[in-house]
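Structural characterization, general
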Number of protein chains: 2
Amino acid sequence: MTDLRLPTFDDVLAAEARQKGVVRETPVLTHAALDEAAGAELFVKAECLQVTGSFKIRGAMNRLAQIPPEGKKAGVVAFSSGNHAQGVARAARLLGMPALIVMPADAPAVKVEGVRADGGEVYLYDRNAESREEISARLAAERGAVVVPSYDDFDIIAGQGTAGLEFARQAEAMGKPLDYLICCAGGGGLINGVALAFERLSPATRIWAAEPEGHDDWTRSLEAGEILANAPGTRSICDAILTPEPGILTFALGQRLLSGGLRVSDDEVRHAMRMAFRYLRIVGEPGGCAALAAALKGVPAEMKGKRVGILVTGGNVDAAQYADILSTGT
Amino acid sequence: MTDLRLPTFDDVLAAEARQKGVVRETPVLTHAALDEAAGAELFVKAECLQVTGSFKIRGAMNRLAQIPPEGKKAGVVAFSSGNHAQGVARAARLLGMPALIVMPADAPAVKVEGVRADGGEVYLYDRNAESREEISARLAAERGAVVVPSYDDFDIIAGQGTAGLEFARQAEAMGKPLDYLICCAGGGGLINGVALAFERLSPATRIWAAEPEGHDDWTRSLEAGEILANAPGTRSICDAILTPEPGILTFALGQRLLSGGLRVSDDEVRHAMRMAFRYLRIVGEPGGCAALAAALKGVPAEMKGKRVGILVTGGNVDAAQYADILSTGT
C-alpha cells in the first residue's frame, strides 16, 4: 500500500475552489434536547440542506471539473443508490456533460426523480442479481465515458472534504472547537475527506464512524487493521451507506485519521430522524441520520460532556417512508 | 397617527447587537423545481431553522434585553399561539427572568412543550370563550410583570427586522439582490421589521404580505388605507398567523413599506409544506409556509421571471399533523 497516492489537505482546499458558486455552506444547528439525550454538547452540520439534498455534490463537482475538455462530450457514468447519482447528475449538467447513472431498481423514487430532473439518464438494475460495477464499466466503454466512483477516488475524497473545512471553521467561529466528530461511513469518502480537513484545521478533534448494525465494516476493519467486508444480504433502512467494505484509498486514510466506529440499529436511526424533525426542523434520510443516532443513544464514555460534531449527510427520503417513521415510535 | 413613535433602520441594527450569540443566521435555499412552479427565481430564507424553531426569538431578545434590572425579578407575561411563546420563554431563560405564557388550549403540543422545556410557565385558555389580552393583563398585574406583545411593539418589530438585515445581505452576497420579497403577515411584526431593513439596504425590493384566505386583513387594509379586521370565527391551518387585524404600529409602517397582499388556501399551504420537505429538506409549519405557498401557486404577473425572496418563518408542527400532510395531496 506504500505506493498509494492519497489526497492531502491541499487537495481539499483546491476542491473548495472548484465548488465555488455551486456548493452551499450548510448551517450548524444545536438543541438542548439533543445534548441531554446524548450526554454531550452536539453540533449538527446539516448537509441535508446541501444542493441535491446531500454532500455528494462536493465530490462530484471536484471530480467532474477536472475532466479535460476532450472528455466532456462523452460524459460520465456513475453507479449509486441515489445521492452520488444526484450529485454527479447536477455537476454534469452545470459543466455541460451527459451523465448516465446506474441505480438499483429499488432506490427511493425521490432519488431517481432527482437525477432525471437534472437531465441525467437512469439505468435501473437488480441489486440482488446484477453487478453495478460491471454494468457501469460496459456502458462507459460503449460511449467512451468516464466512470465516476462514489467514494474510492482521489478527487471524490478531496471534494467531500470541503464539508470538513466548513465545519472546522464554523466550530472555531462559534468559539466551540470540536473534541469529537461523528460521521456516517459507507465507502468512507466523506468521513476521510472531512478528517483530512480536521487533521490540519482542528487536529485535536477525534473522528469516529457511524454505521448500521450488520454493516459495521469500518468498525471491524479499523479494529483489525485490515479491510473486512460485510456479510452479503444484511439489510438496513440506511440505503445511502450500504457498501460492501471500505475502499482501498479510504481505508488507507482511515487507518491514519479515524479513531473507531459506532453501530446503530434501524430503530435508533428512525428515532434520530424524528429528533431531527422535531428539534432541528430538518429532513434527514435514514443513512444521513446514522451519526446523529449514534450520539442520541448516548455517546461513548470518552465523549461524555464533550463537544461532538455530527454530520447529517442527506435528506432524500420518500414522503411516504418519512411520514411512516414520524408516525411511529417515540 | 402622526404622533406614533415608529422603529427605524437604526433600531433594527441596535436589535442585532442585542441578539448576538443567541440568534442564528439562517440559510437561504433555492431549488429549480420551486422556480419552475412559481415562474420566478425563488430565494427561501429558512427561519424555521432559527433557535426555538421560528423567527420570534429575534423580537423577544430585543424586547427582554431592554427590561431594566429592577424589572427582571418579576419577569414577563406573553400571550401567543406558540412561536412568540417559545421565543419569549427562551429569551427570558437566557436573561434570567421568569416567563408566564398564556396559550390557547388547542395550541400544537410541540409549541407548549417548547415553552416548558425553556422553563416557561404555561397558562392555557379557551380561544373561543376567553380574552387572552385580559388574562395576560390580570396575571401581569398580579406579579408586577411586563406584558410582551407579540407584534404591535416598537422593540418587537425592530427585533424581527434583523431577519431582513441578514436576508438583504445574503442576497447581495449571492449577487442576487431581490426584486420582491414575500413574507407571511399575522400581526405584521416580522414583515414590517424586515421591510425596514430592506428599505435601507435594498430599497428597490418590493415587499408583499401573504395570508390565509379569510384572514386577509393585511391585503384589504392596505388596499383600503385603513385597518380592517377579519370576520371572527374564520378557520385556517395557519395557526401561527391568525390575528384579528393589523396592529397600530405595524399598519403605520405597512402603509409606507408594503406593496400589497396575497391570499393562500389551506390546500396551497399544505402543498408548499410538501414542496419544502421534498426540495429544501426543511420542516415548515403551516403558517410558516404561507409565503412559499403564495409563490408556488404562481407568482403575480409583475413578479414573473424576477428574483423573489420568501421567508419560511417557522417549523413547529406536530409530527402527526406533518405526517398526515405529507401523506396526502400532490
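For the structure, check the block above.
Okay, so let's go over this structure. (Residues numbered from 1 in each chain as written. Chains lettered and ligands numbered in written order. Predicted model: local features only at pLDDT ≥ 70, side-chain atom pairs only at ≥ 80, totals over all residues. Heavy atoms only, no water.)

All names here are of chain A. Along the chain, Ser-259 falls in strand β9 (residues 258–264). What makes Ser-259 partly exposed here is its relative accessible area of 38%. Sequence separation between Ser-259 and Arg-206 is 53 residues; the distance between their C-alpha atoms is 6.3 Å. Excluding anything up to four places from it in sequence, Ser-259 contacts Arg-206, Ile-207 and Trp-208. (Helix = DSSP H or I, 4+ residues; strand = E, 2+ residues; numbered from the N terminus. Buried < 20%, exposed > 50% of the residue type's maximum accessible area, 1.4 Å probe, protein only. Contact = heavy atoms within 4.5 Å.)

Time to look at empty space enclosed by the protein. Residue and element names in this part refer to chain A. Summed over all chains, the structure comprises one cavity of 30 Å³ or more. Considered as a void within the structure, the largest cavity measures approximately 350 Å³ in volume. Lys-56, Gly-186, Gly-187, Ala-240 and Ile-241 are, among the 30 residues lining the largest cavity, the residues nearest its centre. Mapped by element, the contributors of at least two residues to the lining of the largest cavity are α4 (83–95) and α9 (189–201). For the lining of the largest cavity, the element with the highest residue contribution is α9, accounting for three residues. (1 Å grid on protein atoms, 1.4 Å probe; cavity = no way out; pocket = protein on both sides within 12 Å on 5 of 7 lines; lining within 4 Å. Points joined across faces, edges and corners; volume = space filled by probe spheres on them.)

Moving on: the packing of aromatic side chains. Inspection of every chain in the model, using the stated rule, returns six aromatic pairs over all chains. Summarising the aromatic geometry, the rings of A:Phe277 and B:Tyr322 are spaced 5.1 Å apart at their centres and angled 45° between planes, so their arrangement reads as tilted. Of the two residues, A:Phe277 sits in helix α12 (residues 266–280) while B:Tyr322 sits in helix α14 (residues 319–326), which places them in two different chains. For A:Phe277, a relative accessible area of 3% puts it in the buried group. Measuring from ring centre to ring centre gives 6.2 Å for B:Phe167 and B:Phe198, while their planes differ by 85°; the resulting arrangement is edge-to-face. (Phe/Tyr/Trp six-rings, centres within 6.5 Å; stacked < 30°, edge-to-face > 60°.)

So, about the interface of chain B and chain A. Taken together, the contact between chain B and chain A spans 29 residues of the former and 29 residues of the latter. Carbon and sulfur atoms supply 58% of the area buried between chain B and chain A, which totals about 2200 Å² over both sides. The largest contributions to the chain B side of the interface with chain A come from B:Arg24, B:Phe277 and B:Arg281, which together make up 31% of the buried area. Taken together, the links from chain B to chain A amount to two salt bridges. Two residues, A:Arg278 and B:Glu113, come together in a salt bridge whose shortest N-O distance is 2.3 Å. Remark: the boundary between chain B and chain A carries eight residue pairs in polar contact (both at pLDDT 80 or more). Looking at the side of chain B that touches chain A, the elements that each hand over two or more residues are β1 (28–29), α4 (83–95), α5 (109–117), α12 (266–280) and α14 of chain B. (Buried area = accessible area lost by both parts, 1.4 Å probe. Salt bridge = Lys/Arg side-chain N within 4 Å of Asp/Glu carboxyl O. Polar contact = N/O pair within 3.5 Å; in protein donor to acceptor, adjacent residues only side chain to side chain.)

Turning to the relation of the copies chain B and chain A, a few remarks are in order. With an RMSD of 0.0 Å, the fit of chain B onto chain A corresponds to turning through 180° and sliding 0.0 Å along the axis. Between the two chains, the operation in question is that of a two-fold axis. Looking at the interface residues of chain B, 97% of them are also at the interface in chain A, so both copies use one shared face. (Least-squares fit on C-alpha atoms with pLDDT ≥ 70 in both.)

Residue and element names in this part refer to chain B. Read across the open sheet, the four strands follow the order β5-β4-β3-β6; overall the sheet is parallel. A strand with exactly one partner marks an edge of an open sheet, and here the two such strands are β5 (121–125) and β6 (146–147). In the sheet, strand β3 (residues 76–79) pairs with β6 via two bridges, with the strands oriented parallel. Looking at the pairing, Val-77 lines up with Val-147 of β6. (Pairing = 2+ DSSP bridges.)

Looking at the element boundaries, A:Arg132 is found in helix α6 (residues 132–143). Excluding anything up to four places from it in sequence, A:Arg132 contacts A:Phe79, A:Ser80, A:Ser81, A:Val102, A:Tyr125 and A:Thr243.

Within the largest apolar cluster, 95 residues are counted, with the highest numbers of intra-cluster contacts made by A:Ile182 and B:Ile182. Setting aside anything within four residues of it in sequence, one finds B:Ile182 in contact with B:Trp208, B:Ala210, B:Leu262, B:Ala291, B:Ala294, B:Ala295, B:Met303, B:Val308, B:Gly309, B:Ile310 and B:Leu311. (Core = buried A, V, L, I, M, F, W, Y, C linked by side-chain atoms within 4.5 Å.)

It is worth spelling out helix α8 (residues 162–173) of chain A at this point. Residues and elements named next belong to chain A. Over its twelve residues, α8 runs 16 Å from end to end, which matches the ideal 16 Å to within 8%, given 1.5 Å per residue. By the criterion of burial, α8 is predominantly enclosed, with nine of the twelve residues buried. The complete set of buried residues in α8 reads Thr-162, Ala-163, Gly-164, Leu-165, Glu-166, Phe-167, Ala-168, Gln-170 and Ala-171. Just beyond α8, the residue with positive phi is Gly-175, at close to 70°. (Expected span 1.5 Å × (residues − 1).)

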